Structure formats: structure tokens, C-alpha cells
Amino acid sequence: MAEEADGRGDLPPTPGSELQAPHFLQDVIFHGKFKLLKALTPQESSLCQHGLFFLDGQRRVDYVLSYPSKKPSSGRSGRQATHLLTENAVARSLRRGPQSRERHIPQHQGQRAKEPSGVDVELGCPAETLNGHEDQKILRREEFEGKLRDMGLELEKDEETKISGVSFVKIHAPWNILCREAELMKLKMPTKKVYEVKQLRGVVEKISSLVSKVVEPLHPQVEEHQPKNIKHLSHTFSREKQHLFDLSDKDYFFDSKTRSSIVFEILKRTKCKAKYSMGITSLLGHGVYTAAYPLHDGDINEENAVPNDRKVRKIMEICNTMNNITMCPLCDRVCSYWELSSACATARASHLFDNPATVFFSIFMALWAAMFMEHWKRRQMRLNYEWDLTGFEDEEDHPRAEYELRVMQKSTSKDQKAQHKIKKLTCQDRLPAYMTNLVMMLLMIGVTFAIVFGVILYRISTKAALYMSANPVTRSNAQLTVKTTAAIINLVVILILDEVYGAVARWLTVLEVPKTDKSFEERLIFKTFILKFVNAFTPIIYIAFFRGRLVGRPGSYLYVFESYRMEECAHGGCLMELCIQLSITMLGKQLIQNNLFEIGVPKLKKLIRYIRSKQGAFQEEERQKKLQRYETDHFLEPFAGLTPEYMEMIIQFGFVTLFVASFPLAPLFALLNNIIEIRLDAKKFVTELRRPVAARAKDIGIWYNLLRGVANVAVIINAFVISFTSDFIPRMVYQYMYSPDGSMHGFVNNTLSYFNVSHFQQGKEPMDPLYLGHPVQMCRYKDYRDPPWSTTPYEISKEFWAVLAVRLAFVIVFQNVVMLMSDIVDWLIPDIPKDISLQIHKEKILLVDLFLKEEQGKAGNLERRSCVEGKENWSSSNNNNKHSSSTAAQPRSGLHTNSTNSL
């Protein structure tokens with residue numbers, strides 16, 4: 001019972017709940033006691049006392065480093081190890097100088113005071129269990145922390161934590177260090193000057209207010225720190241011009257994101273003397289530290305937020321049962337003849353997307369994509385203005401630790417007699433990595449093609465098996481069953497390969513050893529985009545452009561492995577199947593990958609981390625207290641960058657624009673998904689992930705180029721979908737070239753060719769030729785070929801070439817017209833909003849006025865000071881003259897007195 005009481009740790013008391021150490025995992029997962037995880041959240045009323053500040057309650061924690069430590073039992077060996085390492089630390093501090101010595105001596109005394117407990121403060125483990133590897137980590141950690149102190153940062157260790165096996169180093173950047181780094185980083189900070197931002201007027205103002213009211217329920221309920229129409233004039237920070245800035249509250253002049261980015265910059269460039277130690281990234285990679293992260297500002301109260309119709313207005317000729325058109329079998333042997341009227345439902349559904357309105361909708365979406373890109377450029381400039389990034393230019397990043405390590409290894413491997421020092425890696429050094437990248441990328445794309453081919457074989461074999469069924473319901477729904485199951489299989493494969501391709505792309509990028517983080521990110525993004533784009537859209541491209549065109553004809557079909565006959569589209573065309581594939585893939589990726597995975601995986605990892613820490617810490621009495629903020633954030637998932645978030649949007653943009661002609665509901669589903677996901681992402685970033693380090697950027701970088709590339713490709717693909725996948729062009733050609741009365745009557749009959757059933761290959765004819773109740777002499781199939789009674793039986797007819805020519809002409813005209821209209825939109829809409837350009841110009845004028853006033857004030861102060869000093873000098877000189885004249889008279893009188901006295 002005592003162990004059970006100790007095992008409760010810091011869990012909140014719940015009535016009737018008993019928590020035992022061995023059953024923690026069982027209680028959480030099988031009995032639903034998720035309230036146990038709420039022990040990780042500090043109370044909001046005591047944020048200042050729970051890890052956001054140093055123990056003095058004054059200095060804010062700007063960054064946290066964690067490293068593994070073990071609680072030793074007790075004994076003389078632990079005390080000896082503590083003493084030896086402390087003496088080494090003090091000796092090193094003596095060599096660094098008096099300031100470092102003053103910082104280390106109190107720590108040394110504190111460690112001496114703790115010696116009787118047998119705890120090794122720096123090592124965290126008994127001396128006999130230490131090996132050389134752990135000693136090296138401790139020495140490197142000690143040296144790194146000493147370097148940080150030399151850089152001016154203030155450190156505070158917390159080794160008596162409630163998390164077993166983890167110790168923390170809290171880092172605080174004092175005011176003078178923040179000012180120095182802000183000047184080096186050229187950060188723009190608010191000055192004393194405040195001005196009113198000009199508001200929009202007229203129709204634009206009304207439209208903007210209407211849009212803001214519509215989207216207001218989607219915004220989080222967050223208080224505004226200052227009115228939207230009031231803005232501080234910003235200027236690049238300079239220590240010499242501190243009088244220009246609003247320093248009324250120095251504690252909050254640099255906000256938390258700025259402070260953490262400044263400290264992270266110092267951590268990246270602080271190097272150790274140890275071999276291959278190049279900043280915090282190298283130390284994290286070698287396990288010297290297990291994590292480095294800024295803290296969340298506090299807890300939040302979560303909120304959640306979350307409604308079409310379409311009509312068919314034309315009766316298709318296919319549904320006319322009076323025609324009784326007999327169609328050729330859809331597969332060999334097991335399939336029999338069928339009547340065209342049985343495809344009425346599929347034809348009606350296909351007409352939802354295959355109609356003249358599809359062309360205009362595709363043109364509209366192409367123009368929408370162009371307007372979206374222009375709007376984003378304008379939005380980007382507005383954000384640059386609001387975030388004080390106007391005029392910001394990307395600077396050269398620090399070289400990555402892996403790059404410097406490779407350069408060092410190359411330098412040491414070269415001949416020692418070489419005089420010049422190697423400073424960079426050449427293309428020859430990266431040639432093996434480039435060849436590996438090329439081979440692996442082609443291999444991964446080949447894997448995608450192979451899986452698509454496997455799904456094709458699945459469809460062919462499953463369809464044949466379903467048609468062999470004795471159940472008539474199964475045979476009648478064989479097509480729909482095969483289409484749906486194949487689309488689901490494609491979705492599962494896409495989700496699995498997405499994770500695999502993401503890991504492969506990162507591994508290939510690491511092999512290249514890019515010099516900077518920016519170069520690494522761009523190469524990673526490009527490889528990931530290529531692999532995931534091919535993975536997501538290869539099955540769709542096959543259905544849109546290849547299925548049903550590599551079939552052959554009755555009596556001369558194309559076979560795979562000499563037994564699998566290539567599949568063909570239903571008579572309504574492949575557009576309906578393309579819509580099914582697109583809808584399942586898009587909705588599945590958004591619901592499963594983008595939402596469930598994003599929230600579920602971080603929660604699961606957080607649960608596993610918490611369970612691991614609980615299992616070894618149930619007997620500690622200090623766990624009954626609330627965890628500190630930095631201990632709470634330690635359980636969160638490390639922030640892995642924004643690449644997955646951007647990649648989701650790029651793939652979604654592809655679904656919305658590339659095949660919108662075949663799936664017009666894609667924009668609606670994308671909008672609904674984004675309304676939900678934007679709140680899920682907000683909760684994930686605040687409650688499930690460690691706080692990312694803020695980084696300045698003038699734009700979204702390579703992502704904008706990818707968006708523009710997808711938008712341009714979308715125009716071409718939609719042109720091909722309308723021209724080759726739908727029946728829009730064949731209908732237009734028939735109506736204006738072959739119809740006797742200019743109507744669509746007889747169009748279906750015009751698209752069907754004749755086949756004499758006696759020309760079937762041996763063993764390929766239907767097993768039940770009387771399935772329709774009467775013998776069949778001729779069957780029809782969809783193609784433009786000459787009839788069997790012509791002089792050139794089964795050859796491609798003239799109508800085929802006429803339709804093909806019109807199709808190609810339509811692609812060229814559609815592409816050029818839409819591209820021209822997009823360029824016109826690009827030219828008409830300015831990249832910088834007019835009000836923003838006016839505000840930037842106004843800021844420049846106000847900034848000049850501020851400088852002039854400050855200089856005039858300085859000049860006036862100097863003039864008044866010089867006048868006062870002149871008056872003081874004049875009065876002092878007069879006093880000196882009087883004093884000198886009096887002193888000159890005194891000797892003469894004295895001399896006379898002395899002479900008189902002598903006489």
C-alpha cells in the first residue's frame with residue numbers, strides 16, 4: 001500500500017480511482033483513465049512559478065536543454081567522481097578568467113554541500129558505472145555550457161527533476177546580450193513613434209468587412225494587444241540609437257519568440273574545442289543533449305468549430321431501351337454479350353461531369369489559380385509589412401554541422417603536405433551521392449509504377465472472378481465493386497508509400513551534405529514533392545489518359561502475360577471511374593493522413609514518453625507536485641519543421657486544380673477540410689508539439705515556385721482531360737460534321753463499331769452465347785473502326801483522325817487562351833497593395849522626421865550644455881583673475897610688514 005501511495009506521484013486526485021505502478025499502461029489504454037495525462041499540465045495561476053522563470057522569479061527562461069542523468073545509489077565513489085569533475089570544472093574556469101571563475105566557484109561550493117547525498121551533480125551516476133563515452137559527453141557538455149557563459153548567457157541547472165533520468169539546463173539571455181544579438185541579426189523593433197494606419201474606403205472596405213464577418217467564426221478568440229489601426233514605427237535595432245525605441249518595459253520589449261530565436265542563434269554558432277563539435281546541432285546528434293527547445297508561454301483553452309446539390313437535366317440516348325444495341329463481352333470466356341441500356345445509370349452519373357459546363361468550369365478554375373497566386377503575393381507583402389519584414393533580405397546561413405564535419409574529414413584524409421586548407425566540398429566529392437540520388441529516385445518511381453500495374457492486374461482478375469459468380473447481383477455490380485475496391489487499395493498504398501518516400505527523401509538529402517539549412521530544406525522539399533506527387537497522381541493519370549486506349553479490338557485484344565486482357569472503360573467513359581478514384585484518394589488523404597495522423601501520432605508518442613517516465617518514477621515523492629513548464633514541454637513531440645504542412649497544401653492544390661474537370665466537387669471538399677484542419681493544426685502546434693524557434697523569411701521560398709508550376713501544369717492536364725477523357729470533343733465533331741440535322745441524335749451509334757462474332761479467336765468466345773435469349777451475329781464496341789463488310793475491315797476510320805485532329809487543336813487553343821488570360825490577370829493585379837505601398841512610403845517619411853527631431857534635440861542639448869559650460873568657464877575665469885590679483889598683492893604687503901618688523 002505504501003508503494004501504491006507513492007506511485008500516485010503528481011496525479012490529480014480522482015474519487016474512486018486507484019493507480020498502481022504496474023497497471024498504469026493498462027489503466028490509461030484499457031480503462032480510459034486519460035485524466036492521468038493531465039498531471040503534465042501546470043496550473044495557469046502559477047505559470048511564473050512553474051518553469052517559465054529562474055528560481056529567483058525574475059529572469060525568464062528563454063531556452064531549455066535536456067540531457068540524460070541517472071540517480072546514483074550512494075557511496076564514496078559517487079562523491080569522488082563529483083569531486084574530481086568539479087575540480088576539473090573549476091580548473092578550467094580558472095584558465096578562462098576571473099569572471100568565469102566567479103561564476104564557477106559558487107557552483108563548486110554548492111556541489112560540495114551536496115556531496116553527502118552521494119549524488120553526482122554533473123554526472124548523475126556513480127563513478128564506477130561511468131565509461132569513457134559518458135565521460136566524454138559530460139566534458140563536452142561542461143565545455144559547451146562554459147562557452148555559453150562566456151557568450152554572456154545565464155544558465156541554471158535543474159537536476160532534482162520529477163522526470164526520472166532527465167536533467168535540464170535553463171538558459172536566460174540578459175538585456176545587453178539581447179541588444180547585441182538584435183543588432184547583429186538586424187532585427188526591426190518598434191520605436192516610440194506611433195501612427196494611424198490608413199483604412200480602406202468605399203467598395204473595397206465593404207467587401208473586406210463582409211469577408212471578415214463571414215470568416216470570423218473560424219478565427220480563434222484571442223484578445224488584440226493594440227487596435228488594428230494603430231502601428232508602431234519600426235527600425236533596425238541599434239545600441240547607439242536606443243533612445244529611438246520604446247524601452248518603457250524592457251522585460252517585454254523583446255517578445256518570447258524573438259528571445260528564443262536569439263538564443264538559438266547563439267547556440268548554433270557556439271563551438272567547442274572538442275573534435276567535430278559545431279554548435280547545438282552537433283551535440284544533439286552525438287547525444288550530448290537529448291533535446292533543445294523554447295518553452296510555450298502557457299496553457300490554452302481549446303475550442304472547436306464546423307454544411308450541395310447537383311442536377312441532371314438530360315436523358316441520354318444510352319437509356320433508350322428501344323435501341324437494343326448488343327455490346328461485345330467485357331472479358332474473355334466468362335463474360336457474355338450485354339445490352340447498352342444496362343449502362344444507363346453509369347451514363348447518367350457520368351453526365352454530371354461530362355457536359356459543356358465542364359469546359360467553362362475548367363477555364364474558371366485555371367483563372368482562379370492565377371488569381372490565387374496573385375492574391376498570395378499581395379498577402380505576402382501585407383504580412384511583410386505587418387511583421388516588420390519590409391526590406392529584409394535572406395542572409396547566408398551558418399554551415400551545417402554535418403557539412404563542416406565532412407570538410408574536416410576531407411582535410412584530415414588528404415596528404416599532410418598539402419599547403420592549402422580545404423574549405424568546401426566540390427561536385428566531385430558529392431558525385432557518389434548524386435548518382436545514388438538519381439538511381440534511388442528512379443527506383444522509387446519504378447516502385448510506384450509497379451504497384452499501379454499490380455492494381456491493374458487485381459482489377460482484371462477480380463472482374464473475371466466476379467463475372468463467374470452464380471449470383472446475379474454480384475455479376476451486375478461487378479464493375480462498381482472492382483472500381484471501389486481498387487480505389488481503396490490505391491489509397492492505402494499511397495498512404496504507406498508517402499511515409500516511406502518521406503524517409504527516403506531525407507536520407508538522400510543527408511547523403512548530399514548540403515552546406516546550409518536553407519539548401520538542405522530546398523533539396524529535401526524538391527525530392528519529397530517529386531516522389532509524393534508521382535505517388536498520389538500516377539493511378540489517376542493512368543485512369544485519365546491510358547485506360548481503355550491500350551485495349552485493342554474484339555478478336556485482337558492486347559494481353560498482359562498472355563492471359564490478362566487489358567481493361568477498358570465502361571461505355572459512359574472513364575470519367576466516372578476517374579471521379580471515384582479522385583474522391584476516395586483526396587478524401588482519404590485529408591481525413592486519415594492530414595487529420596487523424598497529425599493529431600493521433602503526436603498524442604500516441606506523448607503517451608509513450610509519459611508512460612516510460614512514469615514506470616521508473618512511481619516511488620518518488622516529489623512527483624506528487626506539479627511538473628514545471630520545461631518538464632511538461634519535454635513530453636511533447638519535437639517540432640520537425642513545416643515541410644509536411646506545406647506538402648499537404650501543395651498536394652491538395654494539385655487535386656483541386658489538376659483534375660477539376662473530372663471532379664468539380666474537389667474545391668468544396670478542400671474548403672471543408674481546411675476549415676477543420678486549421679483548428680486542428682493550431683491545437684497541435686500549441687498543445688502537442690514543442691514550441692518552434694521563430695525564423696524570419698521574406699516569402700515561402702521554393703513552395704511558391706512549386707505552386708506556380710502546379711498551376712501551369714493544371715492548365716495542360718485539364719485541356720487533355722476535356723479533350724481525350726471526356727466525350728466533349730467527339731460530340732462537337734459529330735454535331736457539326738456528321739449529324740444530318742445538326743442535333744445529337746445518333747451520336748452513340750456513331751461512336752460504336754461493328755464486330756462479327758465469328759471472328760473471335762479460338763478459346764476467347766463467350767461460354768454462354770445465348771445469355772440474352774437470342775443468338776448474336778454482330779456485337780458493337782466503342783471505337784472508330786471500319787465495319788467487317790468494308791474493304792478494310794477493322795481498320796481505323798476517317799472519323800478517328802478527324803476527332804484526333806480536333807482534340808489536339810482544342811488542347812493547343814485551350815492552353816494558349818487560358819495562359820494568356822492568366823498573364824492578363826497577373827498584369828492587371830499589382831503585387832503590392834496600394835495601401836501597403838502608401839504606408840511604407842509614409843513610414844519612411846516618419847522615420848526621417850523622427851531622426852531629424854532626435855538630431856535637433858541632440859543639437860539643442862549640446863548647444864545648451866555648451867552655453868552652460870561657457871558661462872561656468874567665464875565665471876570661473878573671473879574668479880581666478882580676482883584670486884590671482886589678490887594673491888599678487890598679498891606678497892607685497894607681507895614683504896612690507898616683514899621689512900617693518902625687521903626694522
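Please read all numbers here as calculations on a predicted model, not as lab measurements.

What counts and what doesn't
- Residues numbered from 1 in each chain as written.
- Predicted model: local features only at pLDDT ≥ 70, side-chain atom pairs only at ≥ 80, totals over all residues.
- Heavy atoms only, no water.
- Helix = DSSP H or I, 4+ residues; strand = E, 2+ residues; numbered from the N terminus.
- Buried < 20%, exposed > 50% of the residue type's maximum accessible area, 1.4 Å probe, protein only.
- Areas by Shrake-Rupley, 256 points an atom, 1.4 Å probe, with all protein chains shown as cover.
- UniProt positions renumbered as here; feature names shortened; annotations may be inferred.
- Core = buried A, V, L, I, M, F, W, Y, C linked by side-chain atoms within 4.5 Å.
- Contact = heavy atoms within 4.5 Å.
- Axes fitted to C-alpha atoms, helices over the stretch in contact; angles between N-to-C directions.
- Parallel < 35°, antiparallel > 145°, perpendicular 65-115°, else oblique.
- Left-handed = near helix turned anticlockwise from the far one by under 90°.
- Nonpolar A, V, L, I, M, F, W, Y, C, P; charged D, E, K, R; others polar.
- pLDDT = per-residue confidence, 0-100.
- Pairing = 2+ DSSP bridges.
- Disulfide = S-S within 2.5 Å.
- Polar contact = N/O pair within 3.5 Å; in protein donor to acceptor, adjacent residues only side chain to side chain.

Before going further, it helps to spend a moment on the overall build of the protein chain. Within the protein chain, the secondary structure is distributed over 26 helices and 14 strands. Looking at the protein chain as a whole, 43% of its 903 residues qualify as buried. When the accessible surface of the protein chain is split by element, carbon and sulfur atoms take 59% of a total near 49,100 Å².

Residues given the UniProt feature "transmembrane region" (unreviewed entry) here are residues 356–373, 438–460, 480–504, 524–545, 649–672 and 706–729. Summarising residues 438–460: 100% helix, 0% strand, and an end-to-end C-alpha distance of 33 Å. Annotated as 100% helix and 0% strand, the span residues 480–504 places its first and last C-alpha atoms 36 Å apart.

The next point concerns the nonpolar core. Grouped together as the largest cluster of nonpolar side chains are 68 residues, with contacts concentrated most on Phe537, Leu578, Phe655 and Phe659. Here the element with the most residues in this core is helix α22 (residues 702–725); it accounts for 14 residues. Ignoring any residue separated from it by four or fewer positions in sequence, one finds phenylalanine 659 in contact with Phe537, Ile540, Ile541, Ala544, Phe545, Leu578, Leu582, Gly654, Ile717, Asn718 and Val721. Grouped together as the second largest cluster of nonpolar side chains are 39 residues, Tyr63, Phe144, Leu155 and Ala182 included.

Looking now at the packing of helix α20 (residues 643–658) against α22. To describe two helices that pack against each other, one gives the angle between their axes and the distance between the axes. Axis separation between α20 and α22 bottoms out at 9 Å; the angle between their running directions is 20°. Comparing the axis directions of α20 and α22 gives the class roughly parallel. Two packed elements cross with a definite hand, and for α20 against α22 that hand is right-handed. Facing α20, whose interface residues are Thr643, Tyr646, Met647, Ile650, Phe653, Gly654, Thr657 and Leu658, α22 presents Trp703, Leu706, Leu707, Val710, Ala711, Val713, Ala714, Ile717 and Asn718. Across the contact of α20 with α22, the residue classes break down as 13 nonpolar, four polar and no charged.

Now for the confidence of the model for the protein chain. Model confidence for the protein chain is summarised by a mean pLDDT of 74, while 73% of its residues fall at 70 or above. Taken together, the stretch residues 72–130 has pLDDT below 50 and engages in 78 contacts with residues farther than four places along the chain or on a different chain. Residue range residues 301–316 is modelled with pLDDT below 50. Its contacts to residues more than four positions away, or to other chains, number 17 contacts.

Moving on, we come to the sheet that holds strand β3 (residues 166–172). Spatially, β2-β3-β1-β6 is the arrangement adopted by the four strands of the open sheet, whose pairing is antiparallel. In this open sheet, the two edge strands, each paired with only one partner strand, are β2 (154–158) and β6 (291–293). Strand after strand, the sheet turns through a mean of 20° between neighbouring axes, direction not considered. Sheet topology places strand β1 (residues 63–68) next to β6; three bridges connect them, and they run antiparallel. Its bridge partner lying in β6, leucine 65 is registered against alanine 292. Of the strands in this sheet, β1 and β3 are in contact with helix α9 (residues 256–269), which crosses β1 at around 50°.

Our focus in this paragraph is the state of the cysteines. Taken as a whole and judged by the stated rule, the model has two disulfides. Here cysteine 328 engages in a disulfide with cysteine 779; their sulfurs sit 1.9 Å apart. As the torsion about the S-S bond is roughly 85°, the cysteine 328-cysteine 779 disulfide counts as right-handed. Here the residue cysteine 328 occupies a position in the loop between β7 (326–327) and β8 (338–339), and cysteine 779 occupies one in strand β14 (residues 778–782), the gap between them amounting to 451 residues. The same class applies to cysteine 328 as to cysteine 779, namely buried.

Turning our eyes to something else, we now look at the pairing of strand β13 (residues 752–756). For β13, a buried count of four out of five residues is recorded, marking the element as mostly surrounded by other parts of the structure. Relative to β14, β13 runs antiparallel, the two sharing five bridges. Residue serine 753 lies in a different strand from β14, and its bridge partner there is tyrosine 781.

Looking at the secondary structure, you find glutamate 577 in helix α18 (residues 575–615). Among the residues examined, glutamate 577 registers a relative accessible area of 5% and is labelled buried. Along the sequence, glutamate 577 and alanine 544 sit 33 residues apart, while their C-alpha atoms lie 8.8 Å from each other. Here glutamate 577 is in contact with Arg459, Lys483, Ile543 and Arg547, once residues within four sequence places are set aside.

Right, let's get into the side chain of arginine 780. You can see arginine 780 is positioned in strand β14. A distance of 3.0 Å separates the side chain of arginine 780 from the side chain of asparagine 749, its partner in a polar contact. A polar atom in the side chain of arginine 780 sits 3.1 Å from the backbone oxygen of leucine 752. With residues near it in sequence (within four places) discarded, arginine 780 still touches Ile325, Thr326, Met327, Cys328, Asn749, Leu752, Ser753 and Tyr754.

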